[in-house]
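Chain by chain, the residues run as shown.
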Amino acid sequence: MSEAYTGGCACGVIRYEISGEPVAMVDCQCRQCQRQTGAGHASYLTFSGAVQKIEGEAKTWEVVGDGGTVKGCAFCATCGSPVYITFPAAPDTIAVRAGSLDDPSRYEPQFVTWHAAAHVWDNLDPALLKFEKMPT
């Protein structure tokens, strides 16, 4: 097993450690991710069944994604940094934002979701597999 994935918010109030390997590393171009990041996409490492240790209290709000999935968006109330997403329908799954990693070089995107909502100026790696929506 590799070294745990660690990270947190910009001010350090929220810290996480996840032991295990991500089941997916994804760039998402849906409108919700665009709005949350202020950019053309968001980048996530998704873990399922991994051991999670989260310190600090995140504020959360729920949103229904473009595909109908309910997501709990967690952010730091002090600095405002978005840190991770949880899924009420899949409580053992967490998606951490790649930019929140202590070592962001560990993020290696595998595919793109919601490419149908992509902006022409958001140029992702052309070699990545792109799904028009969320794959099943």
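For the structure itself, look to the data block above.
Residues numbered from 1 in each chain as written. Predicted model: local features only at pLDDT ≥ 70, side-chain atom pairs only at ≥ 80, totals over all residues. Heavy atoms only, no water.

Remarks on the overall build of the chain
- Looking only at helices and strands, the chain features one helix and 11 strands.
- For the chain, the α and β elements follow one another from N to C terminus as β-β-β-α-β-β-β-β-β-β-β-β.
- In terms of overall size, the chain behaves like a compact globule, its C-alpha atoms giving a radius of gyration of 14 Å where 136 residues would be expected to give roughly 14 Å.
- Taking the principal axes of its C-alpha atoms as reference, the chain extends roughly 35 × 30 × 30 Å.
- Only carbon and sulfur atoms are counted for the fraction: they give 53% of the accessible area of the chain, which is about 7,300 Å². (Helix = DSSP H or I, 4+ residues; strand = E, 2+ residues; numbered from the N terminus. Rg over C-alpha atoms; globule rule 2.2 N^0.38 Å. Areas by Shrake-Rupley, 256 points an atom, 1.4 Å probe, with all protein chains shown as cover.)

Details of the layout of surface pockets
- One number sums up the size of the largest pocket: a volume of about 440 Å³.
- What lines the largest pocket is a set of 22 residues, among which Thr 46, Lys 71, Phe 87, Thr 113 and Met 134 lie closest to the centre.
- Mapped by element, the contributors of at least two residues to the lining of the largest pocket are strand S3 (24–28), strand S4 (42–48), strand S9 (93–97) and strand S10 (111–113).
- Element by element, the count of residues in the lining of the largest pocket is highest for S3, at three residues.
- In terms of residue class, the lining of the largest pocket is made up of 14 nonpolar, six polar and two charged. (1 Å grid on protein atoms, 1.4 Å probe; cavity = no way out; pocket = protein on both sides within 12 Å on 5 of 7 lines; lining within 4 Å. Points joined across faces, edges and corners; volume = space filled by probe spheres on them. Nonpolar A, V, L, I, M, F, W, Y, C, P; charged D, E, K, R; others polar.)

As for the sheet that holds strand S8 (residues 82–86)
- The strand order S6-S7-S8-S9-S4-S3-S10-S11 describes an open sheet built from eight strands, whose pairing is mixed. On the outer flanks of this sheet lie strand S6 (59–64) and strand S11 (129–130), each paired with one strand and no other.
- Two strands pair when backbone bridges link them, and S8 and S9 are joined in this way by three bridges, in the antiparallel orientation. Residue pairing for S9: Ile 85 is matched across the bridge by Ala 95. (Pairing = 2+ DSSP bridges.)

Points about the pattern of salt bridges
- If you walk through the whole model with that rule in mind, you get two salt bridges.
- The salt bridge involving Glu 55 is made with Lys 53; its shortest N-O contact spans 3.6 Å.
- A relative accessible area of 42% means that Glu 55 is categorised as partly exposed.
- By relative accessible area, Lys 53 is classed as partly exposed at 45%. (Salt bridge = Lys/Arg side-chain N within 4 Å of Asp/Glu carboxyl O. Buried < 20%, exposed > 50% of the residue type's maximum accessible area, 1.4 Å probe, protein only.)

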